[in-house]
Amino acid sequence: MIMTHLTIKQRILFTLGLILVVLLVIIGGIVYPVTKKIYHLQQEINQIEMELEKRYENSKKLQRTVREIDTITKETEKIAQMMIKAGDELSLITQLENLAEKTHITQDLEVAFKEIRTDQNLPAEQTGAHAGLTHYYLLTFSNHGEFNDHLKYLAELEKSAFYLITDNVRWEKGKEDKTGKSLITLNFNGIIYVDPTSIKK
């Protein structure tokens, strides 16, 4: 009834206004909540992608670590072979005596078991304390023989399984014997670290 008294222009404006109100209700009641939900879903998807990427990176790191464990184990075994066990100095002395006999060297050898002192005025890298090492054997060599025999002895010593750190190397020429050969004395100190797992606490 109200529509019958309105002019065409008013009817068109009224219809457009009604359509606009219906559109606003649809946008406010349906489109906006759906858009908001899509936005939140997109954020959750992004978070899940980031977490999956982190997990993928971690799994790659884990695979690399697993591959490296074998290499690390082999290197650790090599290092353990370079050290000697506490109380195993008799076999070390026997090896060194056999080596001296093989290379025609007369050997005087002193062996002392020492503890690494961390209160020294040396950096930990120089004392071995940084690697968890606590003890070592100090070997004092005084070898007598011909120069070539000393070179053979040192070459064989270098090939040995244990790792000997040498220090204070001194060569001394001796007097000539009846055959005209002069014996040479080779004095030096050596350190062999003790496997820390063999130390009884």
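Cut-off values and rules
- Residues numbered from 1 in each chain as written.
- Predicted model: local features only at pLDDT ≥ 70, side-chain atom pairs only at ≥ 80, totals over all residues.
- Heavy atoms only, no water.
- Core = buried A, V, L, I, M, F, W, Y, C linked by side-chain atoms within 4.5 Å.
- Buried < 20%, exposed > 50% of the residue type's maximum accessible area, 1.4 Å probe, protein only.
- Helix = DSSP H or I, 4+ residues; strand = E, 2+ residues; numbered from the N terminus.
- Polar contact = N/O pair within 3.5 Å; in protein donor to acceptor, adjacent residues only side chain to side chain.
- Contact = heavy atoms within 4.5 Å.
- Axes fitted to C-alpha atoms, helices over the stretch in contact; angles between N-to-C directions.
- Left-handed = near helix turned anticlockwise from the far one by under 90°.
- Nonpolar A, V, L, I, M, F, W, Y, C, P; charged D, E, K, R; others polar.

For the rest of this paragraph, the subject is the nonpolar core. Formed by 18 residues in total, the largest nonpolar core has its most connected members in L96, Y153, L157, F162 and L164. Counting residues per element, the ones that place at least two in this core are helix 2 (89-102), strand 2 (135-145), helix 4 (147-159) and strand 4 (182-193). The element best represented in this core is helix 2, accounting for 4 residues. Residues M83, I116, Y136 and Y193 belong to the second largest nonpolar core, which totals 5 residues.

Right, let's talk about the side chain of Q107 for a bit. With respect to the secondary-structure elements, Q107 resides in strand 1 (residues 106-115). In this structure the side chain of Q107 is engaged in a polar contact, spanning 3.3 Å, whose partner is the backbone oxygen of L96. A polar atom in the side chain of Q107 sits 2.5 Å from the side chain of Y153. In contact with Q107, other than residues within four places in its own chain, are L96, E97, A100, F141, S142, N143 and Y153.

Next up on the list: the packing of helix 2 against helix 4. The contact between helix 2 and helix 4 brings their axes to 9 Å, and the two run at 145 degrees. Handedness of the helix 2/helix 4 crossing: right-handed. In this structure, helix 2 contributes L96, L99, A100 and K102 to the contact, and helix 4 contributes Y153, E156 and L157. Considered class by class, the residues forming the contact of helix 2 with helix 4 number 5 nonpolar, no polar and 2 charged.

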